[in-house]
Amino acid sequence: MSAVIVTDGLGNQMFQYALYLAMRAKGRRPLLSTSIISRCIMHNGFELCRDFGIDHATMAVIDGGRMMGRMTRRITRQMKWLCYLEDETAFSEAVFTTRKPLVYGFWQNIRYFQDIEHEVRKTFTFRGIDESNMQLVREISACNSVSIHIRRGDYLNYPEYAVCTPDYYQRAIALIKERVDTPMFYLFSDDLEWSDTFLGSLDIPYKVMRHNRGADNYKDMFLMTQCRHNILANSSFSWWGAWLGEQAERQVVCPATWNLKSVKIHPQLEQWVKI
């Protein structure tokens, strides 16, 4: 029996949980290991049950306390014969048959769960959406809405994350304006001051989404899904914001390079426009 390790922010947790569901669909009975994320909290900690209609009782979760968290980290770094490590540059069917006790990676490749797409979409049903956000949904639905996600924050400390440049966003906006009549842009960012100043220098109508902060941040992803079109950062958060959207004729623009550490990482979908 293997345990899929859950780490990092919401978008990555969703990819990890999608792999867990896919393993179960193939007849495996994996566990979810939360021993790292419950002790090394990034962003808002373990979010899946709080943000979506997932009953914690239906999860096969293993934690084990602080000692297990330390041991899990050591295994992923130093005892790799006990851990199936993702090759981020390629899809690997072997993850579904491994007998190693731990499975570690980010699994940002739709091929891992495309066979159960309907189940994944149903699983990631947002809950706790308040009236202020539902009012925005009505506004977003009434226009040619375009989400713009600008991810800076922690990315600025890691050059390999390749923060999307102003040139990328200007070209993405120009492309949307060519393809979409009278677009209205909705800005989502972890650096609102910089992003507001930047968009304010451009000749476009836009609105800044300021209210979903802290533990309510997942509601920004929900609003992204409600927009008719999307301009992505190289972020799993906005990836899900685009993929979970179901509007017809959706235009999605994304960075051609996702990560400088390995230019072979390609979570972008074939039908998305890459710049």
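See the structure printed just above.
Residues numbered from 1 in each chain as written. Predicted model: local features only at pLDDT ≥ 70, side-chain atom pairs only at ≥ 80, totals over all residues. Heavy atoms only, no water.

1. With respect to the pattern of salt bridges
Counted under the stated rule, the structure contains 13 salt bridges. Its salt-bridge partner being lysine 26, residue glutamate 93 comes within 3.8 Å of it at the nearest N-O pair. Pair noted here: glutamate 93 is in the loop between strand E4 (83-85) and strand E5 (102-104) and lysine 26 is in the loop between helix H1 (10-25) and strand E2 (31-33), with a separation of 67 residues, a long-range link. Glutamate 93 sits in the partly exposed class, given a relative accessible area of 43%. Judged by its relative accessible area of 41%, lysine 26 is partly exposed. In this structure, the salt-bridge partner of glutamate 139 is lysine 207, at a minimum N-O distance of 3.0 Å. With glutamate 139 in helix H5 (residues 131-141) and lysine 207 in strand E8 (residues 206-208), this pair connects stretches of sequence that are 68 residues apart. For glutamate 139, a relative accessible area of 30% puts it in the partly exposed group. Judged by relative accessible area, which is 32%, lysine 207 ranks as partly exposed. Bridged by salt links that share partners, the residues Glu47, Arg50 and Asp51 form one connected network. (Salt bridge = Lys/Arg side-chain N within 4 Å of Asp/Glu carboxyl O. Helix = DSSP H or I, 4+ residues; strand = E, 2+ residues; numbered from the N terminus. Buried < 20%, exposed > 50% of the residue type's maximum accessible area, 1.4 Å probe, protein only.)

2. Quick notes on the side chain of asparagine 109
Looking at the secondary structure, you find asparagine 109 in the loop between E5 and helix H4 (117-123). A polar contact of 2.9 Å, which involves the side chain of asparagine 109, links it to the backbone nitrogen of arginine 111. Ignoring anything within four residues of it in the chain, the contact list for asparagine 109 reads Phe15 and Phe91. (Polar contact = N/O pair within 3.5 Å; in protein donor to acceptor, adjacent residues only side chain to side chain. Contact = heavy atoms within 4.5 Å.)

3. Quick notes on the packing of aromatic side chains
Per the stated rule, a full pass over the model turns up 26 aromatic pairs. Ring centres of phenylalanine 113 and tryptophan 240 lie 5.7 Å apart, and the angle between their planes is 15 degrees; on these two criteria the pair is classed as stacked. Linking phenylalanine 113 in the loop between E5 and H4 with tryptophan 240 in helix H9 (residues 236-243), this pair joins segments that are 127 residues apart in sequence. The same class applies to phenylalanine 113 and to tryptophan 240, which are both buried. The rings of Phe15, Tyr17, Tyr20, Phe52, Phe113, Phe124, Phe126, Phe222, Trp239, Trp240, Trp243 and Trp272 are connected pair by pair, giving a single aromatic cluster. Above the plane of the ring of tryptophan 243 lies arginine 121, whose end atom (NZ or CZ) is 3.9 Å from the centre. (Phe/Tyr/Trp six-rings, centres within 6.5 Å; stacked < 30°, edge-to-face > 60°. Lys NZ or Arg CZ within 6 Å of the ring centre and 35° of its normal.)

4. Examining the sheet that holds strand E7 (residues 183-189)
Ordered in space as E8-E7-E6-E9-E10-E11, the six strands form an open sheet in which the pairing is parallel. Of all the strands in the sheet, just E8 and strand E11 (273-274) have a single pairing partner and so form its edges. Bridge count for strand E6 (residues 144-150) against E7 is seven bridges, and the pairing is parallel. Considered in E7, the bridge of histidine 149 is made with phenylalanine 188. (Pairing = 2+ DSSP bridges.)

5. Considerations on the sheet that holds E2
The parallel open sheet is built from five strands, whose spatial order is E3-E2-E1-E5-E4. Two strands close off the open sheet at either side, each with one partner strand: strand E3 (61-62) and E4. The strands that H1 touches are strand E1 (3-5), E2 and E5; relative to E1, the one it contacts most, it runs at about 165 degrees. (Axes fitted to C-alpha atoms, helices over the stretch in contact; angles between N-to-C directions.)

6. So, helix H8 (residues 218-226)
Buried residues dominate H8, accounting for eight of its nine residues. All buried positions along H8 are accounted for by Tyr218, Lys219, Asp220, Met221, Phe222, Leu223, Met224 and Thr225.

7. Focus: the side chain of glutamine 13
Examined against the element boundaries, glutamine 13 turns out to sit in helix H1. Of the polar contacts made by the side chain of glutamine 13, one reaches the backbone oxygen of glycine 45; its length is 2.8 Å. From its side chain, glutamine 13 meets the backbone nitrogen of glutamate 47 in a polar contact 3.0 Å long. Excluding residues that lie within four positions of it along the chain, glutamine 13 makes contacts with Val6, Thr7, Asp8, Ile37, Gly45, Phe46, Glu47 and Leu48.

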